[in-house]
Amino acid sequence: MSTRELYVQDPGDSRWTVPATGAARFTWEAMYPGEKNGSGRDRLLALYQKGKDKQWDAATRIDWDLEVDPKDPLGTPDESLSLYGTPHWDRMTERDRGDLRQHYAAWQFSQFLHGEQGAMVCAARIVESVPDLDAKFYSATQTMDEARHAEIYARFLKDKIGMLYPVNDSLKALLDDTLADSRWDMPYLGMQVLIEGLALAAFGMIRDTTTRPLPKRILAYVMQDEARHVAFGRMALRDYYRQLTDVELREREEFVIEGCHLMRDRLRGTEVLENFGIPPAEAAEFTERSEFLRLFRKLLFSRIVPCVKDIGLWGPRLQRAYLDLGVFDLGDANLDLLMAQDEELAEQLDAERFAAEESARTAEVADAIARGAAGD
Ligand SMILES: [Fe+2]
Ligand SMILES: [Fe+2]
């Protein structure tokens with residue numbers, strides 16, 4: 001089926017073009033994983049090796065036969081919907097509420113899908129523009145990771161939710177700023193740190209609250225890959241930002257502040273409520289007032305703030321902006337621990353699946369033997 005028919009609103013022209021600036025860079029300095037080159041860049045080559053080892057295929061790792069109810073795709077508590085507890089919610093029939101859950105999940109996962117496509121394009125941009133070969137190698141594996149993620153979210157949306165939303169204006173604006181900038185570190189900062197950092201926190205919150213096995217597995221497996229992406233962004237930027245002047249660092253901080261405001265606005269989901277006849281101003285007010293969403297918004301910065309601090313962007317203006325957003329204290333979160341947990345959780349889900357398959361096989365064999373003994 002054509003995707004266009006599944007869009008709730010007309011996404012407009014089916015192509016979006018962002019003019020590129022900046023140079024394609026080659027290097028004749030060749031290196032490979034495991035080589036003793038004394039360059040001190042072994043960490044990046046090790047990450048490239050890991051990127052190759054950990055590729056997986058959604059067609060075999062994910063059981064797409066798992067059922068999903070389109071009217072309640074995630075099974076998350078209704079408190080997570082901004083309309084919950086308002087007079088609108090009280091007036092809604094159970095059928096309307098089902099529609100709202102479907103729209104909200106479609107909106108959320110559509111932004112994941114569009115973000116993954118953006119990540120793929122940014123990773124490819126990094127392959128082109130980054131000066132060193134080890135970083136190009138690594139980024140090539142990430143480009144493939146992001147392609148697989150976009151593939152998975154597209155399949156989930158089309159086959160299981162049956163509905164898509166166009167890209168959110170704020171996400172589009174940040175993608176545009178990130179890709180239009182000619183400085184080679186900007187795709188890292190905009191994409192790897194801001195857009196992915198935010199997506200990762202959102203994936204994590206849904207992964208940990210959904211009661212449905214299919215979205216849970218999808219999110220856990222995607223997050224296993226994202227842990228490498230964040231590690232790469234941190235490694236590359238931490239080294240580079242040490243060499244920048246104060247003025248150059250302040251420019252990056254301004255970009256981060258602007259990006260964080262765009263990210264906060266991208267999270268309101270007011271476009272969903274507009275489809276239910278609620279004017280934008282009122283919809284925005286509901287998302288502000290909801291206790292649940294206030295906490296959700298704060299937690300969404302849990303992966304960005306410690307990362308920004310870690311790469312050396314922590315000037316007074318940025319600190320002030322984080323205080324205003326109410327997320328300053330997240331700077332002390334332990335990113336390494338969070339990432340290690342993400343990887344473990346995916347492996348644990350695999351182990352559970354293998355154990356379930358194993359016991360199903362054992363039961364089948366026992367059944368066949370019993371039937372044989374009974375002379376069937
Ligand atoms: Fe991704
Ligand atoms: Fe990623």
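Structure: see above.
The structure presented is a predicted model; accordingly, all values stated were derived computationally and were not measured. (Residues numbered from 1 in each chain as written. Chains lettered and ligands numbered in written order. Predicted model: local features only at pLDDT ≥ 70, side-chain atom pairs only at ≥ 80, totals over all residues. Heavy atoms only, no water.)

*Asks:* Just checking my understanding: could you explain the overall build of the protein for this structure?
*Replies:* Summing up its helical and strand segments, the protein has 15 helices and 0 strands in all. In terms of C-alpha radius of gyration, the protein reaches 22 Å, essentially the compact-globule figure of 21 Å for 376 residues. A burial count over the protein gives 51% of its 376 residues as buried. Long-range pairs, those at least 24 residues apart, make up 82% of the contacts in the protein between residues at least 6 apart in sequence. Taken together, the 47 basic and 66 acidic charged side chains of the protein have centroids lying 1 Å from each other. (Helix = DSSP H or I, 4+ residues; strand = E, 2+ residues; numbered from the N terminus. Rg over C-alpha atoms; globule rule 2.2 N^0.38 Å. Buried < 20%, exposed > 50% of the residue type's maximum accessible area, 1.4 Å probe, protein only. Contact = heavy atoms within 4.5 Å. Lys, Arg positive; Asp, Glu negative; His and termini not counted. Charge placed at Lys NZ, Arg CZ, Asp CG, Glu CD.)

*Asks:* What exactly am I supposed to notice about empty space enclosed by the protein here?
*Replies:* Here the idea is plain: a probe the size of a water molecule rolls over the atoms and shows the empty space left. Tallying each qualifying case throughout the model produces 5 cavities of 30 Å³ or more. Within this model, the largest cavity holds a volume of roughly 100 Å³. Counting only elements with at least two residues in the lining of the largest cavity, the list comes to helix 4 (94-129) and helix 7 (186-209). Its residues assigned to classes, the lining of the largest cavity shows 8 nonpolar, 2 polar and 4 charged. (1 Å grid on protein atoms, 1.4 Å probe; cavity = no way out; pocket = protein on both sides within 12 Å on 5 of 7 lines; lining within 4 Å. Points joined across faces, edges and corners; volume = space filled by probe spheres on them. Nonpolar A, V, L, I, M, F, W, Y, C, P; charged D, E, K, R; others polar.)

*Asks:* Is there a simple way to think about the coordination of the iron ion (ligand 2) in this case?
*Replies:* Note on metal sites: the ideal angle is 109.5 degrees for four tetrahedral donors, and 90 or 180 degrees for six octahedral donors. Bound to the iron ion (ligand 2) on the protein side are E146 (OE), E196 (OE), E196 (OE), E226 (OE) and H229 (ND1), at distances that span 2.0 to 2.8 Å. Sequence spacing among the residues donating to the iron ion (ligand 2) works out to E-x49-E-x29-E-x2-H. The metal-metal distance between the iron ion (ligand 2) and the iron ion (ligand 1) comes to 3.2 Å, with E146 coordinating both. Of this pair, E226 and H229 both sit in helix 8 (residues 213-241), separated by 3 residues, roughly a single helical turn. (Donors = N, O, S within 2.8 Å, 3.2 Å for Na, K, Ca; no water.)

*Asks:* Could you clarify how one ought to interpret the packing of helix 6 (residues 169-180) against helix 7 in this entry?
*Replies:* Packed helices, taken two at a time, are described by the angle their axes make and the gap between the axes. Running from N to C, helix 6 and helix 7 point in directions that differ by 150°, and their axes come no closer than 8 Å. The angle between the axes of helix 6 and helix 7 places the two elements in the roughly antiparallel class. Note on element contacts: helix 7 touches helix 6 through M186, P187, G190, M191, L194 and I195, opposite L171, L174, L175 and T178. Of the residues contributing to the contact of helix 6 with helix 7, the split by class is 8 nonpolar, 2 polar and no charged. (Axes fitted to C-alpha atoms, helices over the stretch in contact; angles between N-to-C directions. Parallel < 35°, antiparallel > 145°, perpendicular 65-115°, else oblique.)

*Asks:* Could you clarify how one ought to interpret the coordination of the iron ion (ligand 1) in this entry?
*Replies:* Looking at the metal site, the iron ion (ligand 1) is ligated by E116 (OE), E146 (OE), H149 (ND1) and E226 (OE), spaced 1.9 to 2.3 Å from it. Between the 4 donor atoms coordinating the iron ion (ligand 1), the angles at the centre fall across 88 to 138°, so the site counts as irregular. Read in sequence order, the donor residues coordinating the iron ion (ligand 1) give the pattern E-x29-E-x2-H-x76-E. The exposure class of E116 is buried, given its relative accessible area of 3%. (Tetrahedral: all angles 85-135°; square planar, octahedral: opposite > 155°, others 65-115°.)

*Asks:* Hey, could you run me through the packing of aromatic side chains in this one?
*Replies:* Within a pair of aromatic rings, the relevant descriptors are the distance that separates the centres and the angle that separates the planes. What the rule picks out here adds up to 18 aromatic pairs. Both rings, one in Y138 and one in F232, keep their centres 4.3 Å apart while their planes meet at 45°; by these two values the pair is tilted. Taken together, the positions of Y138 in helix 5 (residues 133-161) and F232 in helix 8 put the pair 94 residues apart, joining distant regions of the chain. For the residue pair Y138 and F232, the accessibility class agrees, reading buried in each case. When the ring of W184 is compared with that of Y188, the centres are 5.5 Å apart and the planes differ by 75°; the resulting orientation is edge-to-face. In textbook terms, an aromatic cluster arises when at least three aromatic residues are bridged by ring pairs, as seen for Y138, W184, Y188, F232, Y240 and Y241. Over the face of the ring belonging to W56 we find R61, whose NZ or CZ atom lies 5.1 Å from the ring centre. A cation sits over an aromatic face here: R148 above W56, 4.9 Å from the ring centre. (Phe/Tyr/Trp six-rings, centres within 6.5 Å; stacked < 30°, edge-to-face > 60°. Lys NZ or Arg CZ within 6 Å of the ring centre and 35° of its normal.)

*Asks:* What's the story with helix 6 in this structure? I'm lost.
*Replies:* At 3.6 residues per turn, the α-helix brings residues three or four places apart onto the same side. An ideal rise of 1.5 Å per residue puts 16 Å on 12 residues; helix 6 measures up with 16 Å between its terminal C-alpha atoms. One side-chain oxygen of the residue at the start of helix 6 lies 2.9 Å from the amide nitrogen of S170, identifying that residue as N168. (Expected span 1.5 Å × (residues − 1). Polar contact = N/O pair within 3.5 Å; in protein donor to acceptor, adjacent residues only side chain to side chain.)

*Asks:* Explain the packing of helix 1 (residues 42-53) against helix 5 to me, please; I cannot follow it from the model alone.
*Replies:* Between helix 1 and helix 5, the least distance of the axes is 9 Å, while the angle of their chain directions is 25°. As summarised for this structure, helix 1 and helix 5 are arranged roughly parallel, according to the angle between their axes. Seen along the crossing, helix 1 lies across helix 5 with a hand that is left-handed. Together, L44, L45, L47, Y48, G51 and K52 of helix 1 and D134, A135, F137, Y138 and T141 of helix 5 make up the contact between the two elements. (Left-handed = near helix turned anticlockwise from the far one by under 90°.)

*Asks:* Sorry, what's going on with the pattern of salt bridges here?
*Replies:* Charged atoms that come close allow side chains of opposite charge to pair. Tallying each qualifying case throughout the model produces 38 salt bridges. For D350, the salt bridge goes to R61, with nearest N and O atoms at 2.6 Å. Here the residue D350 occupies a position in helix 15 (residues 335-373), and R61 occupies one in helix 2 (residues 58-61), the gap between them amounting to 289 residues. The same class applies to D350 as to R61, namely buried. With a shortest N-O distance of 4.0 Å, E128 and R125 are connected by a salt bridge. One end of the pair is E128 and the other is R125, both in helix 4 and 3 residues apart, which spans about a single turn. Owing to a relative accessible area of 40%, E128 belongs among the partly exposed residues under this scheme. Through salt bridges with shared partners, a single network forms among D181, R183, D185, E251 and R252. (Salt bridge = Lys/Arg side-chain N within 4 Å of Asp/Glu carboxyl O.)

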